[in-house]
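# Observations on chain architecture
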Amino acid sequence: KGTLLVLFLFLLVGAGVVWFVQNQVIAPAIKIRDFLAQLAQGDFSDQVRCDSKDEFGQIAECANTVQRELGGIIGQLQNSSSQLDKSSTDLSSISQNNMQLLSRQTSETEQVATAMTEMTATIQEIAKSAGEAASQAKDANVLSKEGNEVVSKAANSIRELASRINATTDMV
């Protein structure tokens, strides 16, 4: 009977030790392990709860500090990434706009070059025509002078003839 009582007491003490280890060691360790696994998955929404002031409580507090710091850094990274994406989109839009403006300016420059080529050809034709007109005017001037000389000679001949006719008429 005494052995049974001692055995029962050992079992009772053993169950108390198991309960104590389970609640004071294993349960907090599992909570911290699950929390760290959650952080490793990228979930920073919760904090681990451990009310004890022993080493597990200190580890839990450190894990919560890591969660806050990493959560803040990841939030900043997400914000920076978002701003970088927006800036990249804006830069792409500006670049496309610049390409359109450059294309339009190239087209307009080509039109100006074509117009200048056409104007040069027209000016050359006008210069050629003006040269020909000047040559024809010179030829007309020479012919006009020659015509004047012929008319002057004819007029002189007519006057001389009129003078002879008058002289002949006076003689008759």
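Everything in this summary refers to the structure shown in the same document. Keep in mind that this is a model prediction, so the values were computed, not measured.

## Observations concerning the overall build of the protein chain
Along the protein chain, the regular secondary structure elements total two helices and zero strands. Its C-alpha atoms give the protein chain a radius of gyration of 59 Å, clearly above 16 Å, the size a compact globule of 172 residues would have. With the C-alpha coordinates of the protein chain rotated into their principal frame, the extents come out at 205 × 20 × 15 Å. Taking all contacts inside the protein chain whose residues are at least 6 apart in sequence as the whole, residues at least 24 apart take part in 44%. Per element, the accessible surface of the protein chain, about 14,400 Å² overall, is 61% carbon and sulfur.

## Observations concerning the nonpolar core
Among the nonpolar cores identified, the biggest contains seven residues, and these are I32, F35, L39, F44, V48, A60 and A63. When contributions to this core are tallied by element, the ones reaching two or more residues are helix 1 (2–40) and helix 2 (55–171). Considering each element in turn, this core owes the most residues, three residues, to helix 1. Those residues in contact with A60 that lie beyond four places of it in its chain are I32, V48 and C50.

## Quick look at the side chain of N64
Counting through the fold element by element, N64 comes out in helix 2. Classification of N64 as buried rests on a relative accessible area of 5%. When residues no more than four places from it in sequence are discounted, the contact partners of N64 are F35, Q47 and V48.

## Description of the pattern of salt bridges
With the rule as written, the count across this model stands at four salt bridges. The salt bridge partner of D90 is K86, with a shortest N-O separation of 2.9 Å. Here the residue D90 and the residue K86 both occupy positions in helix 2, the gap between them amounting to four residues, near one helical turn. According to the relative accessible area criterion, D90 is partly exposed, its value standing at 34%.

## Regarding helix 1
For helix 1, built from 39 residues, the straight-helix expectation of 57 Å at 1.5 Å per residue is met to within 8% by its first-to-last C-alpha distance of 54 Å. A bend of about 40° at Q22 is the largest found in helix 1. Of the residues making up helix 1, those classed as buried are P28, I32, F35, Q38 and L39. One or two positions beyond helix 1, positive phi appears at G42, with a value near 95°.

## Comments concerning helix 2
End to end, helix 2 covers 168 Å across 117 residues, agreeing with the expected 174 Å (1.5 Å per residue, within 8%). Within helix 2, the full set of buried residues consists of G57, A60, A63, N64 and Q67. If you follow the buried residues of helix 2, they end up packed against helix 1. Measuring from the backbone nitrogen of F56 back to the side-chain oxygen at the start of helix 2 gives 3.2 Å, which picks out D54 as the cap.

## So, the layout of surface pockets
Counted as a void, the largest pocket has a volume near 170 Å³. Every residue lining the largest pocket is counted, 13 residues in all, and those nearest its centre are C50, S52, K53, G57 and E61. Among the residues forming the lining of the largest pocket, the class breakdown is three nonpolar, five polar and five charged.

## Let's talk about the environment of I30
For I30, the position within the fold is in helix 1. For I30, a relative accessible area of 35% puts it in the partly exposed group.

Calculation notes
- Residues numbered from 1 in each chain as written.
- Predicted model: local features only at pLDDT ≥ 70, side-chain atom pairs only at ≥ 80, totals over all residues.
- Heavy atoms only, no water.
- Helix = DSSP H or I, 4+ residues; strand = E, 2+ residues; numbered from the N terminus.
- Rg over C-alpha atoms; globule rule 2.2 N^0.38 Å.
- Contact = heavy atoms within 4.5 Å.
- Areas by Shrake-Rupley, 256 points an atom, 1.4 Å probe, with all protein chains shown as cover.
- Core = buried A, V, L, I, M, F, W, Y, C linked by side-chain atoms within 4.5 Å.
- Buried < 20%, exposed > 50% of the residue type's maximum accessible area, 1.4 Å probe, protein only.
- Salt bridge = Lys/Arg side-chain N within 4 Å of Asp/Glu carboxyl O.
- Expected span 1.5 Å × (residues − 1).
- Bend = angle between axes of the 7 residues up to and from the residue.
- Polar contact = N/O pair within 3.5 Å; in protein donor to acceptor, adjacent residues only side chain to side chain.
- 1 Å grid on protein atoms, 1.4 Å probe; cavity = no way out; pocket = protein on both sides within 12 Å on 5 of 7 lines; lining within 4 Å.
- Points joined across faces, edges and corners; volume = space filled by probe spheres on them.
- Nonpolar A, V, L, I, M, F, W, Y, C, P; charged D, E, K, R; others polar.

From the geometry alone we can't say anything about function, so treat these as descriptive.
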